Amino acid sequence: MRGRKRNDNLKALLFVGPLLLIIIIVYAFPLIQNINYSLRDLSDAARPFTGLRNYGLMLRDPIFLISIRNNFILIFTIVPVLVFLSLVLSGALFEQVRGWKFYRGTMLLPYITSITAVGLFYSLFFQGRGMLNSFLKMIHLDALVVDWLGSTQFALPAIMFVIVWREFGFGTMLFLARLTTVPEELFDAAKIDGTNWFQRLFHIVIPQLATVIEFYVFLMIVTMLSWVFNYVYVMTLGGPARSTYVTELYIFIQAFKMNRMGVAAAVSIVIFAVTAVLAFGSLRFRTRLYKEYE
Amino acid sequence: MIARQILFIVAAAVVLGPIVYILMASFKTKMDYVRNQIGLPHPFVLDNYKKLMEDGQLLKWFMNSAIVTISSVAVSVSVGALGAFGFSKFSFPGKEKIFNLVIALMIIPPIVMIIPLFVLASRAGLVNTYWSAAIIYTGLMLPFAVYLLRNFFVTIPESIMDSAKIDGCSDFGTFFKIVLPLSRSALITLTVVSMLWVWNELLIALIFLQREELTTLVVGLIRFQGRFRIDQPVILAGIFASMVPMIVIYLIGQRFFVNGLTAGALKGE
Amino acid sequence: MKRILFAVFVVILLAPVALLAGGQDESAGAMAAKTGRIWIWGEDEAPGLTDFVRSVGDMYSERIDPQVRWEVTHLDIDEIYTGFYAAEEAKNAPELHTLWGGILGFEPAWAGHLVPLSDYVSAQTLSHVLPPLRHDGYWNGKDWLIPLYVNPWPLMINKEVWQSAGLDPERLPTTWAGLIQAVKAMNAAGSTPWCVGIKDGFYGTWFPAILQHQLYDSPSDYLRAVVGIERLDRAPHDRRWYMVGELHDNGAFNSDANSLSLAEGQDLFLQGNVGIIHASGNAYMALLAKEMGEDNVKIWIPPVDSKAKGAGTMPLSSQPVAIPATAKYKVEAGKFLEFFYSKEIQNLMYTEISVFSGSDQLERGSMKTDLDRALYDLAQQKPGMTYPWLHPGAIEEASYAITQKLLAGNIGAAEAASEYEQAAEKWRDENPEQLKNVRIWATEDMPFMK
């Protein structure tokens, strides 16, 4: 019997081996190396050990602090907006609006195009001499004309618009998919009771979607934290005057333009740690949600 | 009811508007773009697409994106399927823990791994080769692949696998002849979603495929402005051309996209 | 059926290997005993450069040493430093590699990634490099960088636009006040006096390159402020902010400069109705002349009321090359540079691809156009320092953000100057080693700078 067990383990290794090898190269090794690099000065060929110096440089760098602030702004503005939009749209779509399949289809379109293509378009759109302003002038709203991407006030909001534009389809589709598993009877009963669409949204849709909403929120927070590089890199490069700098851009510039890879590694560790904490917190929150349902 | 119809018409307009504009403006001359930005093309020209093709770059970028996408997706789906099968049909010490660890990696953003991977690739002389980007993309797609496929594999009844074994099938045989064919839709879904991600990816291509011959589509779009010559309609034509493959695949296999994107989330709660 | 499936699976697994094999860096060179690699950048500024360097490599193999074959690769601009460090990391750097000049070029040297050129190239050859360019490659008694070509970097005006504003382009202002008056006039006439695109930040360093550099006798005068012997927010170093501020306040720039990239900003000149462009490179200037009218454009060094030696000089930017520490054939690299910097080849570079040389051996007789003749005269007789090369990356990057704020009207010149000095202080604090090295550069005696 024992020989069989060993044989089994060997076979399992054959199947799972290649997977684990690649995972180790692409995930495990870099994560550990980041810790190593964050404690050294990599701009010197000798790579001397410098302890926590890179972390100190990071915390003292006003650009890093601006980046963190901007990521927070993204999280606390975009996530609620996306949840709201996705709830409303999915709730409305679910109640069989005419042509709902078409709408669901179109709403995912932004999500499948590359952020780069989208970003390049919106770079032109939000320019001082871009399409938005041309349109505003055309309908005699000249007073609203602003150099959107060129203003330290409006550049980040412009980017936020683009992020929402691209992301809301995914949330809508996600909630919608979950809604289709909700038993019809619940909705039918509510309709018979004479509720309107809005009440049904609050009393049925949202509670049923509770776990998906939580998961979506977690996913979007992580996204706003570390999957927005594309938008910023293509549209503003962190400007004007660093008003759209985000943490990923900071890592990129420090590593590849400022030749401070140690600092960039330190920031990478910070992002990883925050993501891990969020994941852990989300897991606990979800298990507690499950417990409540029981 | 009407309110909702209006809501959706507005939403659809917001979504489709830019795409329609990009297409429309890609037929303008530069002068027309500058003077008459929002109006219809006047004159209507095909020059921009001609310039894209003649310049030779667009085709090259497509090729590079295709090479990197196909190779990394092929490997990640294959290795992911093998691994998922291993996780679902065997038991070995630490299986659950290792599996949970692997799929937890899904949420780690690539930016976190970039620097050590760059140094490693540099040492191995692999920067500016397809290898570095392909291996990294493969690795980044594996957790999701394993997650999606294992969830699917566990739904295949034991009885089918057992009867195959009785017929004298080895484990590999079972994998190839029974499990894979049954998982066709899951595999297609995974392939489609993975391809979407790699095709559109910027950061890794930007860092590991910098050489002009290796430029992928997204990187090429950014670089497409000569240092001092700007031709916005040509850029818009390039943007539209870059969107076409994914839109086509999407229109053909919308359900796979939807399945793939939701499966990750729904089961993950 | 099952066999087919299996076959498909195997093909899927092996296909990537075949596909990926296509991307390997091939250095075949079967014939020659040694293959030297040259990695350069500059096609954007000097079209035809890569092929020209290749042909020089072929000439080298024919005339100097048939045992050596040269392989020339053109890099992408983002690749210049990442590619360099990657190659050094792999201990496999090419024989010659492009870098930026000045401090950005010395940093790899200080980190141990370069060897001195002067160990491999003769003093005689090096003596022909134009002094301001040689200054930017010379540190601690040795030469480390040598220009591959030179980019003249003056202003260029559109005469018609000046005329429409009631100005006489044949009698351009000779004082700063005159310049401001001209700007006001062009603005009043509905033109954009000076086109700017600063979304990607670079223009922040272009302004002082043409305005501030004229206030110094030599680069060391400015470097003293970089290293903290003087302050960047005191005269004359702070004047750059006041000059840009005054230009901005008088409507010199297009109002959307912050949302236009450098290229988009430059493009405005080609769209017409722009009076001044800060033009980089004679190839680009030839294009401007062609599009806007050969007789309609003119190069110009703006007056800044300076009595220093730098007054009226034309800044020259150049992309130098250096010999990496892990290059295999350093001696051959040096010999290549000797050959490349010979009078014959340097003049050939102009006659073949109209690219200016960084050497004083370029002959006026070869010049093909009036524009080139004008540029030649300025480059050879009044070569100016390259301001951007004189500070480290961190400070230069700070100037991007500060200039963007200035142009957006968020801050005034005094505040800009003060922020700039603060950025410099931060750099000095956090980089004591580099500071030491820059001080050496700032204070050392360079015989060729007399």
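Note that this is a predicted model, so its numbers are computed, not measured.

1. Description of the overall build of chain B
Within chain B, the secondary structure is distributed over 14 helices and 0 strands. Ordered by position from the N terminus, the helices and strands of chain B form the series α-α-α-α-α-α-α-α-α-α-α-α-α-α. The dimensions of chain B, computed from C-alpha atoms along their principal axes, are 75 × 60 × 30 Å. By residue count, 61% of the 269 residues in chain B fall in the buried class. In the form shown here, chain B has an accessible surface area of approximately 10200 Å², with 69% of it arising from carbon and sulfur atoms.

2. A look at the side chain of Ser61(C)
Relative to the elements of secondary structure, Ser61(C) occurs in helix H2 (residues 49-63). Given the relative accessible area of 18%, Ser61(C) is considered buried.

3. Structural notes on the interface of chain A and chain C
Listed by partner, the interface residues are 34 residues for chain A and 27 residues for chain C. Carbon and sulfur atoms supply 46% of the area buried between chain A and chain C, which totals about 2200 Å² over both sides. Put simply, chain A and chain C have 6 salt bridges between them. Across the pair Asp61(A) and Lys426(C) runs a salt bridge, and its minimum N-O distance is 3.8 Å. Counting across the interface, chain A meets chain C through 15 residue pairs in polar contact (both at pLDDT 80 or more). Elements represented by at least two residues in the side of chain A that touches chain C include exactly helix H2 (53-60), helix H3 (62-94), helix H5 (115-125) and helix H11 (229-235) of chain A. A class-by-class count of the residues in the side of chain A that touches chain C yields 15 nonpolar, 9 polar and 10 charged.

4. Details of the interface of chain B and chain A
In this assembly, 85 residues from chain B lie in contact with 88 residues from chain A. At the boundary of chain B and chain A, one finds 0 salt bridges. Counting every contact that joins chain B to chain A gives 8 residue pairs in polar contact (both at pLDDT 80 or more). Taken together, the residues that form the side of chain B that touches chain A break down as 67 nonpolar, 14 polar and 4 charged.

5. Structural notes on the domain arrangement of chain B
All names here are of chain B. Taken as a whole, chain B is organised into domain 1 (1-45) and domain 2 (47-267). Placing the centre of domain 1 and that of domain 2 at their C-alpha centroids yields a distance of 32 Å. Contact residues are listed per partner, giving 12 residues for domain 1 and 12 residues for domain 2. Taken together, both faces of the contact between domain 1 and domain 2 bury some 1000 Å²; the carbon and sulfur share is 73%. On the domain 1 side of the contact with domain 2, Ile22, Ser26 and Lys30 bury the most area, a combined 46% of that side's loss. Scanning the region where domain 1 abuts domain 2 turns up 0 salt bridges. At the boundary of domain 1 with domain 2, the tally comes to 4 residue pairs in polar contact (both at pLDDT 80 or more).

The rules behind each value
- Residues numbered from 1 in each chain as written.
- Chains lettered and ligands numbered in written order.
- Predicted model: local features only at pLDDT ≥ 70, side-chain atom pairs only at ≥ 80, totals over all residues.
- Heavy atoms only, no water.
- Helix = DSSP H or I, 4+ residues; strand = E, 2+ residues; numbered from the N terminus.
- Buried < 20%, exposed > 50% of the residue type's maximum accessible area, 1.4 Å probe, protein only.
- Areas by Shrake-Rupley, 256 points an atom, 1.4 Å probe, with all protein chains shown as cover.
- Contact = heavy atoms within 4.5 Å.
- Buried area = accessible area lost by both parts, 1.4 Å probe.
- Salt bridge = Lys/Arg side-chain N within 4 Å of Asp/Glu carboxyl O.
- Polar contact = N/O pair within 3.5 Å; in protein donor to acceptor, adjacent residues only side chain to side chain.
- Nonpolar A, V, L, I, M, F, W, Y, C, P; charged D, E, K, R; others polar.
- Domains from an automatic or database assignment.

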